[in-house]
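Here is what each chain is made of, one letter per residue.
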Amino acid sequence: MVSLSIDGKKVEAEPSQTILQAAQRLGIHIPTLCHDPRLAPSGACRMCVVEVEGARSLVASCATPVSEGMKVSTQSESVKRARKLNLELIWSHHPNDCLTCDKTGECQLQKFMYEYDVKTSRFVEQNPPPRPDDSNPGIYRDMNKCILCGKCVRICDEVQDQHIWAFSNRGMQTSIATAFEKPLKDAGCVFCGHCVSVCPVGALMDKPAAKKGRPWETRKVRTVCCYCGVGCSLILHVKGGEVLKVTADTHDAPNYGSLCVKGRYGFEFYKSPDRLKFPLIRDRIDQPFREASWNEAIGLVARKLMGIRQKYGPDAFGCLSSSRGTNEENYLAQKFTRAVMGTNNMDNCARVCHGPSVTGLRASLGSGAATNSLADIEGAEVLIVSGSNTTEAHPVAALKIKKAVRQNGAKLIVIDPREIELVQYATVWLRLKPGTNVALINGLLHVILKEGLENREFIRQRTENIDMLQQIVAQYTPEKTEEITGVPQEDIVKAARIYAGTRKGMIVYGLGMTEHKAGSHGVMSLANLALITGNVGRSNTGINPLRGQNNVQGSCDMGALPDVYTCYQKVDDPIANKKFSEAWGCQLPAKPGLKEPQMYREALAGKLKAMYIIGYDPAVTQANIHHVRSAMKKLDFLVVQELFMTETAKLAHVVLPAGCFFEKDGTFTNAERRVRRLNQAIPLPKGTKHDWEIICLIASAMGYPMHYHHPSEIMDEIARLTSEFTGIDFKRLEGDGLVWPVWDKNHPGTPILHKDTFTRGKGRLNDLLYTPSEELPDDDYPLYLTTGRRLYHYNNGSMSLRNPEIYSISSEEFVEIHPDEAERLDIKTGDTVRIKSRRGSLEVKARVTRKSRPGSVFLSFHFPEVPTNVLTGPGEDLLALTPEYKVCAVKVEKT
Ligand code: SF4
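Within each chain, residues carry numbers counting from 1 in the order of the written sequence. Reporting in this predicted model follows two pLDDT cut-offs: at least 70 for local features of residues, and 80 or more for side-chain atom pairs to be given and counted; totals over whole chains, interfaces and linings ignore these cut-offs and use all residues. The side-chain numbers reported here are obtained from all heavy atoms of the structure, hydrogens and water having been left aside.

### Brief notes about the UniProt feature "domain: 4Fe-4S Mo/W bis-MGD-type" (unreviewed entry) in the protein
UniProt positions are given in the numbering used here, feature names are shortened, and annotations may be inferred rather than shown by experiment. UniProt annotation of "domain: 4Fe-4S Mo/W bis-MGD-type" (unreviewed entry) refers to residues 218-274 when read in the numbering used here. Taken end to end, residues 218-274 comprises 9% helix and 33% strand; its first and last C-alpha atoms sit 26 Å apart. Secondary structure is summarised from DSSP: a helix means a run of H or I of at least four residues, a strand means a run of E of at least two, and numbering begins at the N terminus for each.

Dropping the structure here:
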């Protein structure tokens, strides 16, 4: 540490720190325009100049390191004069339109002009006029207001690593521009809005806000993103019941100021005219719906469900809740199913994504949750990213991966059949054939064990079953693994040595691991890797699923599963069963219920008669949707609770309109087990109700009174029944929330699991053989179809497609096809092609790209007009029954 004095006050600082940082420690304000703690110092704006005793001239405090004995003055006359002069120079090139500029109130230049009493500039007679550019989606640009601080350039380079902006021209002509002044959409911009968020003036602004309101007129409401499992913190800027824009605070975990396009610009869906505004009912699904009052609709649902329960028994009912719903809603859905309907036929849409994570991680470690926090990614020395197109599916988590590699020198091993963006950052890319994950990881295990690179001490003390694992992986020699997976054996050996050679090896994975016939096995295989190298139970290690939807973790934690109550307390464990039976005042069923795919099979067999589906659209997002829709059509009674008239709602007898996440209080749990508050920002639309209220109304109408005044009371009940949540209540969740387990009201939370012992005692090394996918390409259907997510959209598109700004960037689906296949089939980008599988066919435009593996094509299922799941197959994970979205066989023809 070095000692220095600033404005006569003594302070100690690290030698690597700057004068600005030392002053901030003392609470001394130094004005800055080009500084951001996330970026390397540039000293461009010169607003932060200070006087250092003995220095020949003023120095930029943001770029000058502290030194022993330094004496600094931040407010001397020469400092003030210099800052005033700088402001005059900056102002000389700035439009004079503060009265009408939408940045008024937030503009840093305006603030400092006022603070330093600078009213005009001596250097020009007339300021240039505004030069608005409204041509880009989401982002409004006025380059005459640009003060050339370079923050937009640096944040795009250093944080987003997208390199869209650059300084162009020289001298007085210098400006910030895209390459060849292309529109952002054509320049490779991903519309994360980082550049907008750091612009200190009105040169770059969010478009929606630029049209509607002043900063002092808005209320700032802190909440959580409703899209992916990263669970970014958001600040909603609300005026008069309307959300004007979304920003993020640089202090808030887990995103620290970063957002992706969906989080920043995907918020306008809530005011879509398509929102459901009143209950709809009908007797048969071939009839049109008619509007009903809430009393009539709730009464009908209660009567029908009671009738079905009485006539066919409790197990004739099944409930599916939503990983987009809050923890409190998911808790009530499973309580309703168990306590009111008397069955464990309860599942949620995690079944179609991370069901195998719950199954696989529980089998290996005892807990079906991520072991570490997302922040740990940045400090890892080796990262395995497996089956995760992170930059598109979890963009803010991808920033942490990029930072680990680019700034901290981490080695990245990418396991993916597609040439995803992260491949550019990889030390080794294992481009395996779709569906061969287990074989590939067995190959890695083989090398590690054969070369003696395993952590013997860890294996001996903390794991079981090493002998069986050794026997199984002995057969997965690099040669054999190459034969099965298509990955060159030297890459297998290289990756194994890299991962086994560190004490800070972290595994991050996505749906490319789970949505396979051997999805749970894939997850267990990854756990095997972590266990035999001892890379678990410490910072910057572990095995971490990137959850698909925002509350996949929470919906499973809340017991919206067929075999467990909250936090995985088993329904067939007599102690847990007794505890919940007593708390809920009824005898609960002990037999585990049906998983979602089993519900469809039972419905087709005429045994399941009624379903209650909350915020989930399986008629689009389930695989093999003809089968799913046929099952729904066979039900005697289907209730759907939704925001929009989805394809599933179209098959319902009753549709109940619910509120969206801007309109509700509650909690979400992100991929790192962080439980956080979402806060109601705007009122519910007239005619709709909160999901939790609707569940309570139905339960009460069925003779089981459920009365809560607020979701916080539901959380209090969860905490009473769940040891891991004992220390959680709404008050404690203010701020960054808490990472469960939280054992008591003073417990700080547990960012790292399995430190000294695994939840199941010893970590289990599961001996697993490679199981081929259910349907492989053949002469009739020669190509693999893999499905997944695109950056701009999400799930069935019901929310993301209803955002005009996002829709203007991405409005149609395309199939990705490798140039080799394209040439063989005479297909060019833009051609319309027909894709056929054994179950259906569809037409879509083609995009020829090397991103697709040779022999494979790729589609998302975001766009209803391209119903990808008519193609996907009947394959399911052997244990969790999650559909095998990642592999089926298709053929492609040019139409
Ligand atoms: Fe929302 Fe995920 Fe994007 Fe964060 S990364 S803003 S949570 S969609």
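### Examining the pattern of salt bridges
Any carboxyl oxygen of Asp or Glu within 4 Å of a side-chain nitrogen of Lys or Arg constitutes a salt bridge here. Using the criterion set out here, one finds 55 salt bridges in the structure. The salt bridge involving Arg677 is made with Glu734; its shortest N-O contact spans 3.1 Å. A residue pair is termed long-range when its members are at least 10 positions apart, and Arg677 in strand β28 (residues 674-678) and Glu734 in the loop between α26 (711-721) and β29 (738-739) qualify at 57 residues. Any residue under 20% of the maximum accessible area for its type is buried, any over 50% is exposed, and the rest in between are partly exposed; the area is computed with a 1.4 Å probe on protein chains only. What makes Glu734 partly exposed here is its relative accessible area of 47%.

### Side note on the sheet that holds β29
Note on pairing: two strands pair once DSSP finds at least 2 bridges between them. Taken together, three strands build an open sheet; the order of strands is β27-β28-β29 and the sheet is antiparallel. Strand pairing shows two members of the sheet lacking a second neighbour, β27 (666-669) and β29, which therefore form its edges. Of the strand pairs in this sheet, β28 and β29 are connected by two bridges, and their pairing is antiparallel. Bridged to Arg674 within β29 is Val739.

### Considering the sheet that holds strand β20 (residues 428-430)
Ordered by their spatial adjacency, five strands build an open sheet running β20-β19-β18-β22-β23, and the pairing between neighbours is parallel. Every interior strand has two partners, whereas the edge strands, β20 and β23 (543-545), have only one. Strand-to-strand twist of the sheet, defined as the mean angle between neighbouring strand axes without regard to direction, takes the value 15°. Pairing analysis gives three bridges linking strand β22 (residues 505-509) to β23, with the strands arranged parallel. Following the sheet pairing, Val508 is matched in β23 by Asn544. Lines fitted to C-alpha atoms define the axes here, with helix axes fitted over just the stretch in contact, and angles between the N-to-C directions of these axes take values from 0 to 180 degrees.

### A look at the packing of aromatic side chains
Centre-to-centre distance and the angle between the planes together describe a pair of aromatic rings. In this scheme Phe, Tyr and Trp rings, the latter by its six-membered ring, pair at centre separations within 6.5 Å, and the angle between planes marks the pair as stacked below 30 degrees, edge-to-face above 60, and tilted otherwise. Counting across every chain of the model gives 13 aromatic pairs. Between Phe458 and Phe758 the ring centres are 6.3 Å apart and the planes differ by 85°, which places this aromatic pair in the edge-to-face class. Of this pair, Phe458 sits in helix α14 (residues 456-462) while Phe758 sits in the loop between β29 and β30 (763-764), placing them 300 residues apart in sequence. Each member of the pair, Phe458 as well as Phe758, is classed as buried. The interplanar angle of 35° and the centroid separation of 5.5 Å between the aromatic rings of Phe861 and Tyr885 together place this pair among those described as tilted.

### Things to note about helix α19 (residues 519-533)
For a helix, the expected span equals 1.5 Å multiplied by the residue count minus one. An ideal rise of 1.5 Å per residue puts 21 Å on 15 residues; α19 measures up with 22 Å between its terminal C-alpha atoms. Across the 15 residues that make up α19, a large majority, 15, are buried. Phi turns positive, to about 70°, at Gly534, one or two residues after α19.

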